Amino acid sequence: MHTSEAAEQLRGWFSGRLPETWFTGPPDVVLDREEVSVVGHLPVPPAAAQASEAERAGVLAGHIRRFREDTRERRIAIAREAEQRYGYKVSWGVECGGEQEMFTTLSVPVMTRLRQPERRVLDTLVDAGVARSRSDALAWCVRLVGKNTDEWLSELRTALQHVERARAAGPRA
């Protein structure tokens, strides 16, 4: 099964499997090689509407925390079911009023070979206190690139989906 097809199947499965009362619509489901992230959209509590910025932040944080605690056991059961069925680890998160919080995420080691100029970049970030280690510095760099090139990465992912569809439609070996 190709990645885009697997993502669509997972999106459909979670949309059908999750309680309808949890989120305001279907969850965002993102898949990579190891993990599927499920991010649902919570309704903004009425108390946040007339609140000051600081109070609104507190209302949203409390609302997210309550949802996390109230649904923990059910989310774990659904995640186990999905992991058995599809073979991916499941991470959970929510979005509420523009605030997103991930409850669980998978941290996967990635091997890379770097030449001295690249290692010096990482060491500079460590020496400056931006990161605790080369590993943290590399993760920081990846997040920065992802943030600053989001539109380009989205176009690249879309192009890869077209390639996957063309491969799937082609002759079988």
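Residues numbered from 1 in each chain as written. Predicted model: local features only at pLDDT ≥ 70, side-chain atom pairs only at ≥ 80, totals over all residues. Heavy atoms only, no water.

### Here we look at a nonpolar patch on the surface
Together, L106, V108 and V110 make up an exposed nonpolar region whose accessible area comes to about 250 Å². Residue position: L106 is located in the loop between strand 4 (99-102) and helix 3 (116-127). (Patch = residues over 30% accessible without salt bridge, like charges linked within 9 Å, V, L, I, M, F, W, Y side chains within 5 Å. Areas by Shrake-Rupley, 256 points an atom, 1.4 Å probe, with all protein chains shown as cover. Salt bridge = Lys/Arg side-chain N within 4 Å of Asp/Glu carboxyl O. Helix = DSSP H or I, 4+ residues; strand = E, 2+ residues; numbered from the N terminus.)

### A short note on the pattern of salt bridges
One pass over the full model with this rule turns up 5 salt bridges. With a shortest N-O distance of 3.8 Å, E83 and K89 are connected by a salt bridge. Given a relative accessible area of 45%, K89 falls into the partly exposed group. (Buried < 20%, exposed > 50% of the residue type's maximum accessible area, 1.4 Å probe, protein only.)

### Focus on the packing of aromatic side chains
The tally for this structure, following the rule as stated, stands at 7 aromatic pairs. Here the aromatic rings of F14 and W92 are separated by 6.0 Å at their centres, their planes lie at 90°, and the arrangement is edge-to-face. Here W92 lies in strand 3 (residues 89-96) and F14 lies in helix 1 (residues 3-17), a separation of 78 residues in the sequence. Relative accessible area serves as the criterion here: at 0%, F14 is assigned to the buried category. Note on W22 and F23: the rings are 6.0 Å apart at their centroids and 75° apart in plane angle, and the pair reads as edge-to-face. No difference in accessibility class separates W22 from F23, as the two residues are buried. Put simply, the rings of W13, F14, W22, F23, F67, Y86 and W92 pair up and form one aromatic cluster. (Phe/Tyr/Trp six-rings, centres within 6.5 Å; stacked < 30°, edge-to-face > 60°.)

### Here we look at the packing of helix 3 against helix 4 (residues 134-148)
Where helix 3 meets helix 4, the closest approach of the two axes is 9 Å, and the angle between their N-to-C directions is 100°. Our classification of the angle between helix 3 and helix 4 gives roughly perpendicular. Only R134, A137, L138, W140 and C141 of helix 4 make contact with helix 3, whose side of the interface consists of R119, L122, D123, L125 and V126. Looking at the contact of helix 3 with helix 4, its residues break down into 7 nonpolar, no polar and 3 charged. (Axes fitted to C-alpha atoms, helices over the stretch in contact; angles between N-to-C directions. Parallel < 35°, antiparallel > 145°, perpendicular 65-115°, else oblique. Contact = heavy atoms within 4.5 Å. Nonpolar A, V, L, I, M, F, W, Y, C, P; charged D, E, K, R; others polar.)

### Focus: the sheet that holds strand 4
An order of 1-2-3-4 is seen for the 4 strands of this open sheet, with the pairing classed as mixed. The open sheet terminates on both sides in strands that have one partner only, identified here as strand 1 (28-31) and strand 4. Going across the sheet, the axis of each strand differs from the next one's by a mean of 20°, ignoring polarity. Its contacts with the sheet put helix 2 (residues 53-86) on strand 3 and strand 4, and the angle it makes with strand 3 is roughly 155°. (Pairing = 2+ DSSP bridges.)

### Here's the deal with the nonpolar core
Core analysis: the largest hydrophobic core is formed by 27 residues, its most contacted members being F14, L18, V90 and W92. If one sorts the elements of this core by residue count, helix 2 sits on top with 8 residues. Filtering out sequence-adjacent residues up to four positions away, L18 remains in contact with F23, P27, V38, I78 and W92. Among the nonpolar cores identified, the runner-up in size contains 5 residues, and L122, L125, A131 and A137 belong to it. (Core = buried A, V, L, I, M, F, W, Y, C linked by side-chain atoms within 4.5 Å.)

### Notes on helix 2
When the terminal C-alpha atoms of helix 2 are compared, their 41 Å separation across 34 residues is substantially less than the 50 Å that a helix rising 1.5 Å per residue should span. The principal kink in helix 2, of about 60°, is found at R72. Residues V59, L60, H63, I64, F67, T71, R75, I78, A79, A82 and Y86 constitute the buried set of helix 2. G87 sits one or two residues past helix 2 and shows a positive phi near 85°. (Expected span 1.5 Å × (residues − 1). Bend = angle between axes of the 7 residues up to and from the residue.)

### Focus on the side chain of R75
Structurally, the position occupied by R75 is in helix 2. Of the buried charged residues, R75 lacks a salt bridge, with E101 as the closest side chain of opposite charge at 9.1 Å. Side-chain polar atoms of R75 contact the backbone oxygen of R68, separated by 2.9 Å. Residues contacting R75, with those up to four places away along its chain left out, are W22, R68, W92 and F103. (Lys, Arg positive; Asp, Glu negative; His and termini not counted. Polar contact = N/O pair within 3.5 Å; in protein donor to acceptor, adjacent residues only side chain to side chain.)

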